[in-house]
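Letter by letter, the chains look like this.
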Number of protein chains: 2
Amino acid sequence: MRADAKRNYDNLLAVARDVALEQGADASLRDIARRADVGLGTLYRHFPTREALFDALLRESFDTLKAQAEALASVEAPDKALVSWLRVLVACANDYRGIITLMVAAIEDPSSALHASCGTMKASGARLLARAQAEGVARTDIDGADLFALVGALAWLGDQPALAKRADHLFDVIFSSILKS
Amino acid sequence: MRADAKRNYDNLLAVARDVALEQGADASLRDIARRADVGLGTLYRHFPTREALFDALLRESFDTLKAQAEALASVEAPDKALVSWLRVLVACANDYRGIITLMVAAIEDPSSALHASCGTMKASGARLLARAQAEGVARTDIDGADLFALVGALAWLGDQPALAKRADHLFDVIFSSILKS
DNA sequence: ACCTGAACACCGTTCAAGT
DNA sequence: ACCTGAACACCGTTCAAGT
């Protein structure tokens, strides 16, 4: 990548982070380009879709979550491992209001730039769930897809100003019933 | 209301229903006016906000739900009454994809045209929940606001194409843990 | 009273023209 | 290679002008 292109890319990402943190996942791309002092086409060149932009914004979080899932799978008690990992996942989704909707849509859309990352998250969760189930500490009538859906629902709660304050409590309500330890 | 105005109102509502059933709660108002062969200002005259339009579209459902809640409160077993009423509420919300987001926002916004209706729904649910709790068949660590939030989360699941098929199952998972019958 | 549609200030997305 | 911004086809919302 040419030096000026690299500079634009980094600047764009930094500005997008600021804007998206305050305006959420459907922030105006035009506004981002404007604040980054860059032509709109430059934004589209670096991030052909909104999903590509958010995948870049969440890159670190996704990588960390994947590593954490692997680490937790061997050390912690299976129920604690699952719940604490899910808590982090939901928190990451809540960083960008509305991103969870893009993420769930990405699951069934292989052409989405978020598809791979979301597949990884889903698989990591499914593994932690399977271990908890195998050890008899999680109910067995849900699977990895159900778990991802529940994460989506809880992240959505955290995105709604009117409901956000209940999100943590409802997380406990729901997972206390899924785990039977 | 003048005869021509009444005709416009009814027509607008009918067209809006069709469009919203297929496009969801953020259907284009311009498109609705266009399909109703009416000026955009006429739509705004009859329905000053999107919320006002959807409150009108959901009027019957809201009234029916309120009546059902009252009827169920005296005949059915408290746990069955609660769950079956909630199922209908979620189904109504799922009629218009995305309407649940407007509804939850309306709770904390007294100026929303959906505020009253949502308050009524929340109160109806809270009453059924309180009865179930009083009779010892529902866990007591959630309140009416939590219940409404759970309904929102489940309705949101039903709105997501990638998750909708799991919504019914997760409804059961969640409420089987809230009711202890 | 009621209706119309132009006007305004925004979007997302594309692409010819520039360096 | 990369960048720019005008162009296009849309929005929601308001409001002067018409009947």
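Everything below is about the structure shown above.
Residues numbered from 1 in each chain as written. Chains lettered and ligands numbered in written order. Predicted model: local features only at pLDDT ≥ 70, side-chain atom pairs only at ≥ 80, totals over all residues. Heavy atoms only, no water.

**Examining the protein's contact with DNA strand C**
Then step 1. Around DNA strand C lies a shell of 22 residues, among which Arg 30 and Arg 50 of chain A together with Asn 8, Gly 39 and Thr 42 of chain B are the nearest.
Then step 2. The contact atoms of DNA strand C, taken as those within 4 Å of the protein, divide so that sugar and phosphate hold 57%.
Then step 3. Between DNA strand C and Tyr 44 of chain A there is a distance of 2.9 Å, counted from a phosphate oxygen to a side-chain nitrogen or oxygen.
Then step 4. His 46 of chain B is positioned with one of its side-chain polar atoms (N or O) 3.4 Å from a phosphate oxygen of DNA strand C.
Then step 5. Secondary structure elements with two or more residues in the surface near DNA strand C: α2 (29-35) and α3 (40-46) of chain A together with α1 (3-23) and α3 (40-46) of chain B.
Then step 6. Tallying contributions element by element places α3 of chain B first for the surface near DNA strand C, with 5 residues. (Near = heavy atom within 4 Å. Polar contact = N/O pair within 3.5 Å; in protein donor to acceptor, adjacent residues only side chain to side chain. Helix = DSSP H or I, 4+ residues; strand = E, 2+ residues; numbered from the N terminus.)

**A word on the packing of aromatic side chains**
All names here are of chain A.
Then step 1. Across all of its chains, the model carries 7 aromatic pairs over all chains by this definition.
Then step 2. Aromatic side chains Phe 54 and Tyr 96 sit 5.7 Å apart centroid to centroid with 80° between the ring planes, which places their arrangement in the edge-to-face category. One end of the pair, Phe 54, is in helix α4 (residues 50-75); the other, Tyr 96, is in the loop between α5 (78-95) and α6 (99-107), and 42 residues separate them in sequence. The residues Phe 54 and Tyr 96 share a single accessibility class, namely buried. (Phe/Tyr/Trp six-rings, centres within 6.5 Å; stacked < 30°, edge-to-face > 60°. Buried < 20%, exposed > 50% of the residue type's maximum accessible area, 1.4 Å probe, protein only.)

**Some details on the protein's contact with DNA strand D**
Then step 1. Residues in close proximity to DNA strand D total 22 residues, the closest being Asn 8, Gly 39 and Thr 42 of chain A together with Arg 30 and Arg 50 of chain B.
Then step 2. Contacts to DNA strand D include Asn 8 of chain A, whose side-chain N or O atom sits 2.2 Å from a phosphate oxygen.
Then step 3. Interatomic distance of 3.2 Å between a side-chain N/O atom of Ser 28 of chain B and a sugar or linking oxygen of DNA strand D.
Then step 4. Within the residue set of the surface near DNA strand D, elements represented by two or more residues are α1 (3-23) and α3 of chain A together with α2 (29-35) and α3 of chain B.

Any functional reading would require information that these geometric values do not contain.
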